[in-house]
Amino acid sequence: MRPKPLAALAAAPLFLLPAAAPAGAAPAPRYAALGDSYAAGVGAGAYDPVSAACHRSTRSYPELWRAANGPADFLFAACDGATTADVERDQVPRVPADATLVTLTVGGNDLGFGDAVIACLQPLTTDAYCDSVLDESERRLREELPGRLDTLYRALDAEAPAARVVVTGYPRMLGTADTCLIGTAARRARFNALTDAADDLIERQAVKQGFRFADVRTAFDGHGVCRGGADEWIHPITLPLWESYHPRAAGQSGGYLPSVSAAALG
């Protein structure tokens, strides 16, 4: 998650129409996927060029859910860099009133997760600088994000009142082993604690609105940065830099998709 690219909001959403369901089959869902870079699939590669700076990936959990379940229509509006205000202003109005399923991942950019990564996980930054940035993220979580989520969730509920809404959280990105050389053990622990606090808040606000929450933390346990090899589902610092600290394709398919599917179909 990073500050919003200027071109992101201009990118058009992607609509796909699968074949009609057989006679007698249950109606196919009408699916809209909203949110930020984690919903768009940043880090998973195979980006749809039409999505431009939104960086929507064909390996993202919304695309994987579409391929597995064949919705009657599909709106993929998630965009790299989106905040809650961006989703409310630019994505929610595109959701059809007859949508039956909406997924949403958002909130990290409101807390300045990208700034926290730079402050705490890059070389040569001080503990004092890291602490000051995380202090600000924690303040936003306490004082600002609850109201922003509440406003967004009410707007989404009004736009698609019949839809099942599945709100996801974020994975703990960082391994805690002593052999991990990213940041320090204390910084990694505090960063993961911020993720936990954000997920807990997102869940409370979602449940209060009558939405479902897909918790991805357990699925990602043991697959964070510093795990190494195929078991590492989240990029460390990489090129292009905007993919850093985002799920790889394995994180979208092995971490997000099962949790979202369980909430969407259960």
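Residues numbered from 1 in each chain as written. Predicted model: local features only at pLDDT ≥ 70, side-chain atom pairs only at ≥ 80, totals over all residues. Heavy atoms only, no water.

A. Highlighting helix α7 (residues 185-209). Taking 1.5 Å per residue as the helical rise, α7 with its 25 residues ought to reach 36 Å, and the 36 Å between its terminal C-alpha atoms agrees with that figure. Turning to α7, its buried residues number three or more, namely Arg187, Arg188, Phe191, Asn192, Leu194, Thr195, Ala198, Asp199, Leu201, Ile202, Gln205 and Ala206. Along its buried surface, α7 packs onto α4 (113-121), α5 (127-143), α6 (145-159), β5 (164-168), β6 (212-214) and α8 (217-220). Once α7 ends, the next one or two residues include Gly210, with phi positive near 90 degrees. (Helix = DSSP H or I, 4+ residues; strand = E, 2+ residues; numbered from the N terminus. Expected span 1.5 Å × (residues − 1). Buried < 20%, exposed > 50% of the residue type's maximum accessible area, 1.4 Å probe, protein only. Contact = heavy atoms within 4.5 Å.)

B. Inspection of the pairing of β5 at higher detail. Within β5, 4 of the 5 residues are buried, which leaves the element mostly enclosed by the surrounding structure. Strand direction decides the pairing type here: strand β4 (residues 101-105) and β5, joined by 4 bridges, are parallel. What sits directly across from Thr103, in β5, is Val166. Pairing of β5 with β6 involves 3 bridges; the strand directions are parallel. If you follow Thr168 over to β6, its bridge partner there is Ala214. (Pairing = 2+ DSSP bridges.)

C. Looking closely at the nonpolar core. Membership of the largest hydrophobic core comes to 69 residues, with the highest contact counts inside it found for Leu34, Val95, Val102, Leu104, Tyr153 and Leu156. Among residues more than four places away in sequence, those in contact with Tyr153 are Leu104, Val167, Ile202, Gln205, Ala206, Gln209 and Phe211. (Core = buried A, V, L, I, M, F, W, Y, C linked by side-chain atoms within 4.5 Å.)

D. Geometry of the packing of α5 against α7. Where α5 meets α7, the closest approach of the two axes is 11 Å, and the angle between their N-to-C directions is 5 degrees. It follows that α5 is roughly parallel to α7 by the angle criterion. For the pair α5 and α7, the contacting residues are Asp127, Cys130, Asp131, Leu134, Asp135, Ser137, Glu138 and Leu141 in the first and Arg187, Arg190, Phe191, Leu194, Ala197, Ala198 and Leu201 in the second. Across the contact of α5 with α7, the residue classes break down as 8 nonpolar, 1 polar and 6 charged. (Axes fitted to C-alpha atoms, helices over the stretch in contact; angles between N-to-C directions. Parallel < 35°, antiparallel > 145°, perpendicular 65-115°, else oblique. Nonpolar A, V, L, I, M, F, W, Y, C, P; charged D, E, K, R; others polar.)

E. Quick look at the state of the cysteines. Taken as a whole and judged by the stated rule, the model has 2 disulfides. Each sulfur of the disulfide joining Cys54 and Cys79 lies 2.0 Å from the other. Looking down the S-S bond of the Cys54 and Cys79 bridge, the torsion is -80 degrees, so its handedness is left-handed. Here the residue Cys54 occupies a position in the loop between α1 (37-40) and α2 (61-69), and Cys79 occupies one in the loop between β3 (73-76) and α3 (84-91), the gap between them amounting to 25 residues. In this pair, the class of Cys54 matches that of Cys79, namely buried. (Disulfide = S-S within 2.5 Å.)

F. Molecular detail of the side chain of Thr168. As for its placement among the helices and strands, Thr168 is situated in strand β5. The exposure class assigned to Thr168 is buried, which follows from its relative accessible area of 0%. A distance of 2.5 Å separates polar atoms of two side chains, one belonging to Thr168 and the other to Thr105. Residue contacts for Thr168: discarding those within four places in its chain leaves Tyr61, Leu104, Thr105, Ile202, Phe213, Ala214, Tyr256 and Val260. (Polar contact = N/O pair within 3.5 Å; in protein donor to acceptor, adjacent residues only side chain to side chain.)

G. Molecular detail of the confidence of the model for the chain. Mean pLDDT over the chain stands at 90; residues scoring 70 or higher make up 89%. A low-confidence stretch, residues 1-21 stays under pLDDT 50, and its non-local contacts, those more than four residues away or across chains, total 59 contacts. (pLDDT = per-residue confidence, 0-100.)

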